[in-house]
Amino acid sequence: MSHFHNPIHTSQPDTEQAIDRTVPEFPVAESVDEDNYFKTNIPPPYLDELREETLEFIKYHQENTGKKIALVTSGGTTVPLENNTVRFIDNFSAGTRGATSAEYFLELGYAVIFLHREFSLLPYSRHYSHTTNCFLDYMTQIDGKIEINPKYSKRMLEIYQKYQYARDQSLLLLLPFTTVNQYLFSLKTVSKTLHLINTKALFYLAAAVSDFFLPISKLPEHKIQAQDHNGGKLVVNLDPVPKFLRRLVDSWAPGAMIASFKLETDENILLKKSRQALKRYNHQLVIGNLLQTRKKEVVFVSKDAASEPVWCRLTDEELKLGVDIESLIIPHVIKAHQEWIEEHE
Ligand code: PAZ
């Protein structure tokens, strides 16, 4: 069983939705919003295949390895403005947090379902895919043959060995999405499938999910024409994406441990918004981060009323040496997961 070369592709969207992320709080999604959303938007055609792959992966680990499972979401979602999509709204996320975190989960004994934006960073290949102009920069020509440049080979061998181990042990299931609609249908399907078999799973929600979208009912079928609009202007009127985290907690995967990320750009509201998220969605852990400093510090806000926020920071020296902040985040999350499992046994 290898899930590294998944046949599902998502970047040619069929129909969907829109974003930005600077706007007021929207109401928490109730079941009626959920029903409405999933009734009035079209599921991606590969959803059954995605469910089957998830089920196979979970059963395999339940029967053969007994490993704990982490669902890691990663990267940004797009919001198509046309059904035959020429234009879409996107966000900044490259998937660094998700891909790097997945590596540390794997290293620390988890099997990982990696629900990610197609073509964003992936565990292991992230070290090479976006870091130079081209992967060929890592190669060199010696006596008319092409080889890995010796200055990279030691590090590449270490990464290759981890990659090979994860691949050969079937520890990583790669599931792609592109649009926010694909993300929502996939998250619901994977969560419910996971919940059927493994109620003690860990959800680690690092994807940057659109807050706004264009429902299928309002989506033009064809490329928007400039002359169709007043003075050539395009005014886009987006709906809020229902806040599904509460549905995940209450109904899709009740009993799972859920850690979500909260992204802000204003440091003065980060803690307040992180606490608010925890209260609104009633899950276990919010990891707050600022766009500007997300690679060097995050704050853990947990449900335990007695606990103060815990900051986790890299020193300047560690940053210079290229230490990943995820090497601090993941042990913290795993410890919380372990304690949570013990409490619920
Ligand atoms: O993908 P990346 O490493 O560039 O960014 C990671 C992140 C900032 C998207 C993530 O840490 C995060 O905060 N995700 C949740 C965003 C939100 O919906 O608030």
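In what follows, the structure referred to is the one given above.
Remember, it's a predicted structure, so these values are computed and weren't measured experimentally. (Residues numbered from 1 in each chain as written. Predicted model: local features only at pLDDT ≥ 70, side-chain atom pairs only at ≥ 80, totals over all residues. Heavy atoms only, no water.)

(A) Broad picture of the sheet that holds strand S7 (residues 172–177). One open sheet accounts for eight strands, arranged S7-S4-S1-S8-S11-S12-S13-S14; its pairing is mixed. On the outer flanks of this sheet lie S7 and strand S14 (310–313), each paired with one strand and no other. Ignoring strand direction, the axes of neighbouring strands in this sheet form an average angle of 20°. Judged from the six bridges that link them, strand S4 (residues 111–117) and S7 form a sheet pairing that is parallel. Paired with Ile-113 across the bridge in S7 is Leu-173. Packed onto the sheet, helix H6 (residues 180–197) meets strand S1 (69–74), S4, S7 and strand S8 (202–205) and runs at close to 175° relative to S1. Docked against the sheet, helix H7 (residues 245–252) engages S8 and strand S11 (257–264), running at close to 175° with respect to S11. (Pairing = 2+ DSSP bridges. Helix = DSSP H or I, 4+ residues; strand = E, 2+ residues; numbered from the N terminus. Axes fitted to C-alpha atoms, helices over the stretch in contact; angles between N-to-C directions. Contact = heavy atoms within 4.5 Å.)

(B) Examining the site of the ligand more closely. Residues in close proximity to the ligand total 15 residues, the closest being Ser-93, Gly-95, Arg-97, Leu-263 and Asn-289. A distance of 2.9 Å separates an oxygen atom of the ligand from a polar backbone atom of Gly-95. Here the ligand, which alone exposes 480 Å², has 94% of that area covered by the protein. Elements with a minimum of two residues in the shell around the ligand: helix H3 (96–107) and S11. The class makeup of the residues in the shell around the ligand is seven nonpolar, four polar and four charged. (Near = heavy atom within 4 Å. Polar contact = N/O pair within 3.5 Å; in protein donor to acceptor, adjacent residues only side chain to side chain. Areas by Shrake-Rupley, 256 points an atom, 1.4 Å probe, with all protein chains shown as cover. Nonpolar A, V, L, I, M, F, W, Y, C, P; charged D, E, K, R; others polar.)

(C) Seen up close, the nonpolar core. Counting residues in each nonpolar core, the largest one holds 46 residues, and the members touching the most others are Leu-71, Ile-113, Tyr-183, Leu-184, Leu-194, Phe-203 and Leu-248. Per-element tally for this core: the top contributor is H6, with seven residues. Listed in part, the 40 residues of the second largest apolar core include Tyr-104, Met-257, Cys-312 and Ile-329. (Core = buried A, V, L, I, M, F, W, Y, C linked by side-chain atoms within 4.5 Å. Buried < 20%, exposed > 50% of the residue type's maximum accessible area, 1.4 Å probe, protein only.)

(D) Main features of the layout of surface pockets. The calculated volume of the second largest pocket comes to roughly 400 Å³. Within the residue set of the lining of the second largest pocket, elements represented by two or more residues are strand S13 (297–302) and helix H10 (326–343). With six residues, the single largest contributor to the lining of the second largest pocket is H10. Here the lining of the second largest pocket is composed, by residue class, of six nonpolar, four polar and six charged. (1 Å grid on protein atoms, 1.4 Å probe; cavity = no way out; pocket = protein on both sides within 12 Å on 5 of 7 lines; lining within 4 Å. Points joined across faces, edges and corners; volume = space filled by probe spheres on them.)

(E) Up close: the packing of aromatic side chains. One pass over the structure, following the stated rule, counts 16 aromatic pairs. With 4.8 Å between their ring centres and 70° between their planes, Tyr-138 and Tyr-152 make a pair best called edge-to-face. Taken together, the positions of Tyr-138 in the loop between helix H4 (126–129) and strand S5 (139–142) and Tyr-152 in helix H5 (residues 150–168) put the pair 14 residues apart, joining distant regions of the chain. For Lys-188, the ring lying beneath its charged end belongs to Phe-38, and the centroid distance is 4.3 Å. (Phe/Tyr/Trp six-rings, centres within 6.5 Å; stacked < 30°, edge-to-face > 60°. Lys NZ or Arg CZ within 6 Å of the ring centre and 35° of its normal.)

(F) Examining H6 more closely. The end-to-end C-alpha separation of H6 is 26 Å, in line with the 26 Å expected for 18 residues at 1.5 Å each. Taking burial as the measure, the 18 residues of H6 include 14 buried ones, the bulk of the element. (Expected span 1.5 Å × (residues − 1).)

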